[in-house]
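Below, each chain spelled out in residue letters.
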Amino acid sequence: GQLDTKLSQEGVIQAKRLAPTLADIDYTHIICSPLQRTRDTARHALTRNRYKGVIQLDGRLMERSFGSWEGVKISETAGTPRKGGERWNDVMLRVKSFLKDLYQSVTGKYEISLEIPHILVVTHGGVIATVLRHFKDDLSLDLLPANAKMIENTSITSFVMEISTGKFPKLLGVKCLLDRDVSHLQGSIVSHM
C-alpha cells in the first residue's frame, strides 16, 4: 500500500544483491516512486552504478492505496470491508498517464539522436502488474505466460519498447527481456539487460 515506511532489513539485503546486476547499465533516466521504501531500494541497488543524474520522483508510480487496510496483513482483512483507497481502474489511469508522459519525454529528447535511452523505473508490484495488464488488455501485447508468477521484491522486469515519433507518440511494440527475474537473490547474476 501507500503507507510510507522504511525499507526492511531484508529489503536492504535484496537491494544490495541487485547492485551488481545494475552496475554497468548506462541509464539516461531513473524514475522512482516517492515512497521511502522504494527510494531506499533505488539507493542501495544503484551503489555500483555510474548514474550521476537526478532520480526523478513520480507519485503515479506509488503502490495502490488500500484505504483502511493500509498496514494490515491480507489474512487479517477477511470479512472486514475496506473503506477508502483506490480501485484498480484508478491505478490503471495513473499508470497510463505516467507511460504516456514517458513516451513523450523520450521521443522528444531522442527523436533526432542516435542514443538509445535506458530508463530504470523503481516502483511497486501493483504498478508492475498494472503495466503488464495494460500491455495485454489495452494493447493486445501478450508478452508473458498466462500463469503469471508473483512479482517479488527487487525483481526485474525489463522491456525494449518501440515508440513512434511525432507530436503524439504511441507505443508500437514491446519485447520482454526479463520477466520478474530474481536470479540476483539466488546468487547468480544476470547481465544481459
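Below is a short write-up of the structure. (Residues numbered from 1 in each chain as written. Predicted model: local features only at pLDDT ≥ 70, side-chain atom pairs only at ≥ 80, totals over all residues. Heavy atoms only, no water.)

Thoughts on the packing of helix α1 (residues 9-22) against helix α2 (residues 36-45)
Point 1. Two elements in contact, α1 and α2, have axes separated by 7 Å at closest approach and are oriented at 45°. With respect to each other, α1 and α2 are oriented oblique. In this structure, the crossing between α1 and α2 has a hand that is right-handed. Where α1 approaches α2, its residues Val 12, Ala 15, Lys 16, Leu 18, Ala 19 and Leu 22 are matched on the opposing element by Thr 41, His 44 and Ala 45.
Point 2. Here the residues of the contact of α1 with α2 sort into 6 nonpolar, 2 polar and 1 charged. (Axes fitted to C-alpha atoms, helices over the stretch in contact; angles between N-to-C directions. Helix = DSSP H or I, 4+ residues; strand = E, 2+ residues; numbered from the N terminus. Parallel < 35°, antiparallel > 145°, perpendicular 65-115°, else oblique. Left-handed = near helix turned anticlockwise from the far one by under 90°. Contact = heavy atoms within 4.5 Å. Nonpolar A, V, L, I, M, F, W, Y, C, P; charged D, E, K, R; others polar.)

What to know about the sheet that holds strand β2 (residues 55-57)
Point 1. Taking strand neighbours across the sheet as the criterion, the 3 strands line up as β2-β1-β3 in an open arrangement whose pairing is parallel. Looking at strand neighbours, the two that pair on one side only are β2 and β3 (119-122), the edges of this open sheet. On average, each strand axis in the sheet is tilted by 25° relative to the strand beside it, whichever way the strands run.
Point 2. One ladder, built from 3 bridges, connects strand β1 (residues 29-32) with β2; its direction is parallel. (Pairing = 2+ DSSP bridges.)

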